[in-house]
Amino acid sequence: MEQAQTELSWRERGRLWLRLGIRFLLIAAVVLGLRYLAPPLLSLFMPFVLALLLAWLLNPLVRTLQKALGLSRGILSLLLILLVFGGVGGVLAAFGYSVFAEIRSLVTNWQDIWAGVQAAIEATGGFLDSLLAHLPQEVEQTVNSALDSLTQWLQTALPNFFTNAAERAGNFAMSIPSFVVALVVFIMGTYFITADYPHLRFLVTDHLSPAFRRFLGHVKHAAVGAFGGYVRAQIILSLGVLLILLAGFVLTGQSYAVLLALLLAVLDFIPIIGAGTVMVPWAVIDLFLGQFGHAVELMVIWGIICVFRRVAEPKAVGSQTGLSPILSLVSIYVGMQVAGVLGMILGPVLCMVVINVCKTGLFDGLTDDLRLAVDDTARFLRNRPVPRRPER
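The model shown is predicted, which means the values in this text are computed figures rather than measured ones. (Residues numbered from 1 in each chain as written. Predicted model: local features only at pLDDT ≥ 70, side-chain atom pairs only at ≥ 80, totals over all residues. Heavy atoms only, no water.)

> What am I meant to see in the overall build of the protein chain here?
The helix and strand inventory of the protein chain stands at 14 helices and 0 strands. Mapped from its N terminus to its C terminus, the protein chain presents α and β elements in the order α-α-α-α-α-α-α-α-α-α-α-α-α-α. When the 392 residues of the protein chain are sorted by exposure, 24% land in the buried category. If you take every contact in the protein chain between residues at least 6 apart in sequence, the share linking residues at least 24 apart comes to 69%. When the accessible surface of the protein chain is summed, it comes to about 26,200 Å², and 71% of that surface belongs to carbon and sulfur atoms. (Helix = DSSP H or I, 4+ residues; strand = E, 2+ residues; numbered from the N terminus. Buried < 20%, exposed > 50% of the residue type's maximum accessible area, 1.4 Å probe, protein only. Contact = heavy atoms within 4.5 Å. Areas by Shrake-Rupley, 256 points an atom, 1.4 Å probe, with all protein chains shown as cover.)

Structure representation (structure tokens):
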């Protein structure tokens, strides 16, 4: 009797399922908008998005200097922007010159490099042939077939890569004017937004209700805490790995030290992959070729990177992630399936943002309605009369 009293009426049940339907339609619209509309819009307004982000980062410093020095906000914004872009531009210019010089040397000497790769493949093949001679013939045939396929792919891929380098360089040169225009717009947008940041912020928040402003504050605090903390920690770790790789390659006299350090640091930034996916096979090939000293050097550098990651990562990331290992794995895999390498990087970040936004109570109404719908459906099915069988 008590269960029958707690069961919803048909009017209440209809309103419940209508609310659920509207909420799911809104969630689907948001997801589809983020999937199909956000990327092109973000690409179109990227200079202004980056300008807004930089202005938001500079705003506390500008406000502090304005109170301390008494100068106008426009002058302080201009000085800080010139200082930031001058310092960053100088570092990037020096680093870019080193990378460009090594790429030019790599393209010029690609024939010698290809000859070295062929020699390494032949030496590795000879070692494997002597090793496979003691194994069953089926295993030997499988390994030889795989090596032949790898050799054919390298013979086609590497020459084409260096042959088409001039074409890619031409395409890059054609894209420089648009990049320069976007950079100028980014710098100007950063100045204008930084100089008028308090006024622009007031224009946006003045038309919002106090309750909605408080809600947006909670959402911003949760999203910035998760996103900023994770990305800041990963950037610090990647910069540390880059410095370790660069110092190790320079000290060991490794060719193309800056280029290799940059590429391996990018790989180390990508979840799951890491610099070891290249350095460990590289060291194994050196062992096959008899270059034991270089193999040991690579393993020492990789070992230092592993120790640095194990020691620094818990301190850098700390409790900012809040993701269990299974959630991290799921977010990385789903991000990879949706957006490739970029999705692998942003997947855990977006997962953390969603979790922190849920903690603000945004989806409390949805979860309450879902719980009520499940309970009501269970009561409705449990209280249905069972039809009697006809008497014979």
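> For this particular structure, what's the right way to read the packing of helix H2 (residues 10-44) against helix H14 (residues 364-382)?
Helix-helix packing: each pair is described by the crossing angle between the helix axes and the interaxial distance. The contact between H2 and H14 brings their axes to 10 Å, and the two run at 135 degrees. Comparing the axis directions of H2 and H14 gives the class oblique. For the pair H2 and H14, the sense of crossing is left-handed. For the pair H2 and H14, the contacting residues are Trp10, Arg13, Leu16, Trp17, Arg19, Leu20, Arg23, Phe24 and Ile27 in the first and Gly365, Leu366, Asp369, Leu370, Leu372, Ala373, Asp376, Thr377 and Phe380 in the second. (Axes fitted to C-alpha atoms, helices over the stretch in contact; angles between N-to-C directions. Parallel < 35°, antiparallel > 145°, perpendicular 65-115°, else oblique. Left-handed = near helix turned anticlockwise from the far one by under 90°.)

> Explain the packing of aromatic side chains here, please?
Describing an aromatic ring pair means giving the distance of the ring centres and the angle of the ring planes. Summed over the entire model, instances satisfying the criterion amount to 3 aromatic pairs. Each ring, one from Phe85 and one from Phe186, has its centre 5.4 Å from the other, and the planes form 70 degrees; the classification is edge-to-face. Residue Phe85 is located in helix H4 (residues 73-108), and its partner Phe186 is located in helix H7 (residues 165-195); the two are separated by 101 residues in the primary sequence. Considering the side-chain rings of Tyr191 and Phe192, the 5.6 Å spacing of their centres and the 55 degrees angle between planes classify their relative orientation as tilted. Judged by relative accessible area, Tyr191 falls into the partly exposed class, the value being 26%. Overall, Phe192 belongs to the partly exposed group, its relative accessible area being 46%. (Phe/Tyr/Trp six-rings, centres within 6.5 Å; stacked < 30°, edge-to-face > 60°.)

> Please clarify how a nonpolar patch on the surface should be interpreted in this entry.
On the surface, a cluster of nonpolar side chains totalling about 910 Å² of accessible area is made up of Leu32, Tyr36, Leu37, Leu41, Leu42, Leu44, Phe45, Phe48 and Val49. Of all elements in the fold, only H2 and helix H3 (46-69) reach the threshold of two or more residues within the nonpolar patch. Of all the elements, H2 adds the most residues to the nonpolar patch, at 6 residues. As for its position among the elements, Phe48 is in helix H3. (Patch = residues over 30% accessible without salt bridge, like charges linked within 9 Å, V, L, I, M, F, W, Y side chains within 5 Å. Salt bridge = Lys/Arg side-chain N within 4 Å of Asp/Glu carboxyl O.)

> Would you explain the packing of H2 against H3 in this entry?
Axis separation between H2 and H3 bottoms out at 4 Å; the angle between their running directions is 80 degrees. The orientation of H2 with respect to H3, classified from their angle, is roughly perpendicular. Here Leu42, Ser43 and Leu44 of H2 come into contact with H3, specifically with Met46, Pro47 and Val49. Of the residues that constitute the contact of H2 with H3, the class distribution is 5 nonpolar, 1 polar and no charged. (Nonpolar A, V, L, I, M, F, W, Y, C, P; charged D, E, K, R; others polar.)

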